[in-house]
Each structure stands twice: as structure tokens, then as C-alpha cells.
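Observations on the three-dimensional arrangement
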Amino acid sequence: MGTVVETPVKEADATVTVKKPTVVFVLGGPGSGKGTQCANIVEHFGYTHLSAGDLLRAEIKSGSENGTMIQNMIKEGKIVPSEVTIKLLQKAMEESGNDKFLIDGFPRNEENRAAFEAVTKIEPEFVLFFDCSEEEMERRILNRNQGREDDNVETIRKRFKVFLESSLPVVQYYEAKGKVRKIDAAKPVAEVFDAVKAVFTPKDEKAAA
Ligand SMILES: Nc1ncnc2c1ncn2[C@@H]1O[C@H](COP(=O)(O)OP(=O)(O)O)[C@@H](O)[C@H]1O
Ligand SMILES: Nc1ccn([C@@H]2O[C@H](COP(=O)(O)OP(=O)(O)O)[C@@H](O)[C@H]2O)c(=O)n1
Ligand SMILES: [Mg+2]
């Protein structure tokens, strides 16, 4: 008869408490200044900036099998299926070594939002929303000069339509949860950043200042 050796199973070890990363979604129309302000936030507040658009453009450049599909969708101002974008975001989060992220330009529609929540189980800390008129956004995009295939009048019009029809409802979803921090993004860069800083500065520090 063999001896039964009991190995104690430590429940606490099995359910390792993995701390969920802090995520801030940075939303706003095309050209509202998301990328510009994210660069400032990174410098001051130690976040890692992940632009969904930049990740998708890098994926095209890498020659991935999804590249052509992504390129066609971006040219048409359409939103790439969540599956693709979320994989890129997750990979970038893992590779960063950080635990605080600005996710810029995502979620851009209800499908993006629901899929990210279902896959990662992460709820954003808050949503930074850059509010700007179409006129001003169009002016900025046409002066952006980054050689983007979607920065032309025809595609810009399509992107604005997608923004109004698909992206704004996501902002409204978070508004109903009290998570939206709305910024007047039509002002000069430094003034917009002053408003952004106020959102990221903890309340007790503000009181001490
Ligand atoms: N507050 C601002 N005032 C004027 N131009 C701006 C402002 N913020 C950004 N820009 C410029 O507008 C263009 C779009 O900004 P960007 O940060 O790329 O916006 P988004 O990522 O929302 O599309 C860039 O050329 C940028 O330099
Ligand atoms: N969540 C996202 C973000 C961007 N994109 C695609 O990438 C394009 C450019 O996104 P972007 O965030 O770089 O654009 P800007 O708002 O910075 O001008 C979008 O118009 C979409 O075609 C997407 O499909 N899904
Ligand atoms: Mg951008």
C-alpha cells in the first residue's frame, strides 16, 4: 500500500493577486490634440502612451498579414475590428513594464469598448475627452504634415462622421458613469495642458499648492 502524501494547496497562492494596471482613455475627434497632450502627460505623470492609431500604423509597416486590411480601413476612416487593436494594445502594455497607461484613440466605438472590457477586465480610471470644433480639428489635420494617408479632406470628412456616429456614444456611455473629464481643446497647447494637469494632479496636492 502506498502512502498518501498530502500536499497542502494554498488557496491564496493559487489566486495570485495581480494588480490591474491603471488605464486612462484619451478620446476626442481626429485632430483634437490627443497625441500632443499625451506626450506632455507622459513627461509629467509617468504614464506610458499607447496610441491605437500609431500601433495600427506600425502593424501595417511591419508587413503583418493584417496590414493590407488595416491600411484599407484607415484610408476609409473606418474602425478596425477590436480583436486586432486589442491584441496590439495588450502586447504593448506587457512590453512596457509600466502599470499606468494612456490609451489614446481607443475605444472608438461600442465594439471596441465592450471587447476591451471583456478581454482585459480593465475599467478605465477616467476618460479624458478633448472637445474641439470640427473646423479647428480640420485645420489642424491639414497642417499636421506627418504624411498620413488619412489626413486628406475626403478621408477627414469620413472620420468626422464616424466620430459623431460611433465614438461620441462611447463618451456618453462613460459620461453616464461619471468618468468623463472634459477639456476645452480649442485653446493653445499650453492652455489645454494646464487644464489636463488639473485633472491628473491629486486633490490633496492641489490643496497644498
Ligand atoms: N491646442 C492646439 N492648438 C493648435 N494646434 C494643435 C493643438 N494641439 C495639437 N495641435 C496640432 O494639431 C495637429 C493634431 O494634433 P494631434 O495631437 O496629432 O491630434 P490627435 O492625436 O487628436 O489627432 C498636430 O499637428 C498638432 O501639432
Ligand atoms: N481604436 C482605433 C483607433 C484608430 N483606428 C484607425 O486609425 C485611424 C487613425 O486613428 P488615430 O487615432 O491615429 O487618428 P487621430 O485621431 O490621432 O487623428 C482611425 O481613423 C481608424 O481608421 C481604429 O481603427 N481603431
Ligand atoms: Mg493621434
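Residues numbered from 1 in each chain as written. Chains lettered and ligands numbered in written order. Predicted model: local features only at pLDDT ≥ 70, side-chain atom pairs only at ≥ 80, totals over all residues. Heavy atoms only, no water.

The protein chain is annotated in an unreviewed UniProt entry as UMP-CMP kinase from Citrus sinensis. As its UniProt record puts it under Sequence similarities (unreviewed entry), the protein chain is described as follows: "Belongs to the adenylate kinase family. UMP-CMP kinase subfamily." The heading Subunit (unreviewed entry) in the UniProt record of the protein chain holds the text "Monomer." (UniProt positions renumbered as here; feature names shortened; annotations may be inferred.)

**Some details on the packing of aromatic side chains**
By the definition in use, this model includes eight aromatic pairs. Look at Tyr 173 and Tyr 174: their rings are 5.0 Å apart centre to centre, the planes differ by 85°, and that puts the pair in the edge-to-face class. On the basis of relative accessible area, Tyr 174 is assigned to the buried category, the value being 1%. By way of ring pairs, the aromatic residues Phe 25, Phe 106, Phe 116, Tyr 173 and Tyr 174 are connected into one cluster. The lysine or arginine in question, Lys 100, covers the ring of Tyr 47, its NZ or CZ lying 4.7 Å from the ring centre. Positioned above the aromatic ring of Tyr 173 is the side chain of Arg 113, whose terminal nitrogen or guanidinium carbon lies 3.8 Å from the ring centre. (Phe/Tyr/Trp six-rings, centres within 6.5 Å; stacked < 30°, edge-to-face > 60°. Buried < 20%, exposed > 50% of the residue type's maximum accessible area, 1.4 Å probe, protein only. Lys NZ or Arg CZ within 6 Å of the ring centre and 35° of its normal.)

**Focus: the packing of helix α5 (residues 82–96) against helix α6 (residues 110–120)**
Contact geometry for α5 and α6: axes closest at 10 Å, N-to-C directions at 50°. Considered as vectors, α5 and α6 are oriented oblique to each other. For the crossing formed where α5 meets α6, the hand is right-handed. Residue-level contacts link Ser 82, Ile 86, Leu 89 and Gln 90 of α5 to Glu 111, Asn 112, Ala 115, Phe 116, Val 119 and Thr 120 of α6. (Axes fitted to C-alpha atoms, helices over the stretch in contact; angles between N-to-C directions. Helix = DSSP H or I, 4+ residues; strand = E, 2+ residues; numbered from the N terminus. Parallel < 35°, antiparallel > 145°, perpendicular 65-115°, else oblique. Left-handed = near helix turned anticlockwise from the far one by under 90°. Contact = heavy atoms within 4.5 Å.)

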